[in-house]
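Chain and residue survey
So you can see what is in the structure, the chains are spelled out below.
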Amino acid sequence: MRMGRRGGTTANARGQHDRISSGTRERWSGPFVKWDDQPETVPAAVKSIIGASMMTRTAPSAPVYVCLDVALQEDEIARAPAVAPLSRYPQPREPVAGEAHVKKHFR
């Protein structure tokens with residue numbers, strides 16, 4: 001899983017680098033990752049990171065990318081977000097073709 005950041009959503013909130021590179025996430029990550037997301041809130045970021053972790057470990061395994069806004073990373077939050085127990089997100093099992101499927105498609 002790859003984590004990245006982007007500047008604020010307005011030009012005044014971003015630094016020079018972010019003004020130049022804003023909007024390039026899809027261009028450079030799209031062809032190389034299985035999935036990407038750019039959550040806008042702390043609860044959405046928690047959900048996105050859990051989902052990204054599951055997705056990158058699910059066959060076929062491939063990189064995923066989560067891009068967090070710099071303000072989301074640096075602003076204080078009033079309280080920690082509620083996180084469901086991670087046991088609620090079990091590792092997906094590898095798909096297994098049944099005998100009937102194999103006989104039908106692989107004679």
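You'll find the structure just up there.
Structure report, in brief. (Residues numbered from 1 in each chain as written. Predicted model: local features only at pLDDT ≥ 70, side-chain atom pairs only at ≥ 80, totals over all residues. Heavy atoms only, no water.)

Moving on: the overall build of the protein chain. What the protein chain contains, in helices and strands, is five helices and three strands. Starting at the N terminus and ending at the C terminus, the protein chain contains elements arranged as β-α-α-β-α-β-α-α. Counting across all 107 residues of the protein chain, residues that qualify as buried make up 23%. Considering only contacts within the protein chain whose residues lie at least 6 apart along the sequence, 75% involve residues at least 24 apart. Carbon and sulfur atoms form 57% of the exposed surface of the protein chain, whose accessible area is close to 8000 Å². (Helix = DSSP H or I, 4+ residues; strand = E, 2+ residues; numbered from the N terminus. Buried < 20%, exposed > 50% of the residue type's maximum accessible area, 1.4 Å probe, protein only. Contact = heavy atoms within 4.5 Å. Areas by Shrake-Rupley, 256 points an atom, 1.4 Å probe, with all protein chains shown as cover.)

By size, the foremost hydrophobic cluster in this structure holds five residues: Ala45, Ala52, Val64, Val66 and Leu68. Listing elements by their share of this core, those giving two or more residues are helix 3 (42–56) and strand 3 (64–69). Ranked by residues supplied to this core, first place goes to strand 3 with three residues. Setting aside residues up to four positions removed in sequence, Ala52 forms contacts with Met1, Trp35, Val64 and Val66. (Core = buried A, V, L, I, M, F, W, Y, C linked by side-chain atoms within 4.5 Å.)

Below, the discussion takes up the environment of Leu68. Position of Leu68 relative to the elements: it lies in strand 3. Overall, Leu68 belongs to the buried group, its relative accessible area being 11%.

As a further point, take the environment of Thr56. Within the secondary structure, Thr56 is located in helix 3. Here the alpha-carbon distance between Thr56 and Val33, two residues 23 residues apart in the chain, equals 9.2 Å. Excluding anything up to four places from it in sequence, Thr56 contacts Met1, Ser61, Ala62, Pro63 and Val64.

The next thing to look at is the pattern of salt bridges. Applying the stated criterion to the full structure yields one salt bridge. Across the salt bridge formed by Lys103 and Glu99, the nearest N and O atoms sit 3.1 Å from each other. In this pair, Lys103 and Glu99 both sit in helix 5 (residues 99–105), four residues apart, roughly one turn of the helix. Assigned by exposure class, Lys103 and Glu99 land together as exposed. (Salt bridge = Lys/Arg side-chain N within 4 Å of Asp/Glu carboxyl O.)

What follows is about the side chain of Asp69. Tracing the sequence through the fold places Asp69 in strand 3. Taking relative accessible area as the criterion, Asp69 reaches 7% and is therefore assigned buried. In this structure the side chain of Asp69 is engaged in a polar contact, spanning 2.8 Å, whose partner is the backbone nitrogen of Ala71. (Polar contact = N/O pair within 3.5 Å; in protein donor to acceptor, adjacent residues only side chain to side chain.)

Attention shifts here to unusual backbone geometry. Between Ala59 and Pro60 the backbone carries a cis peptide bond, its omega angle lying at -5°. Here Pro60 lies in the loop between helix 3 and strand 3.

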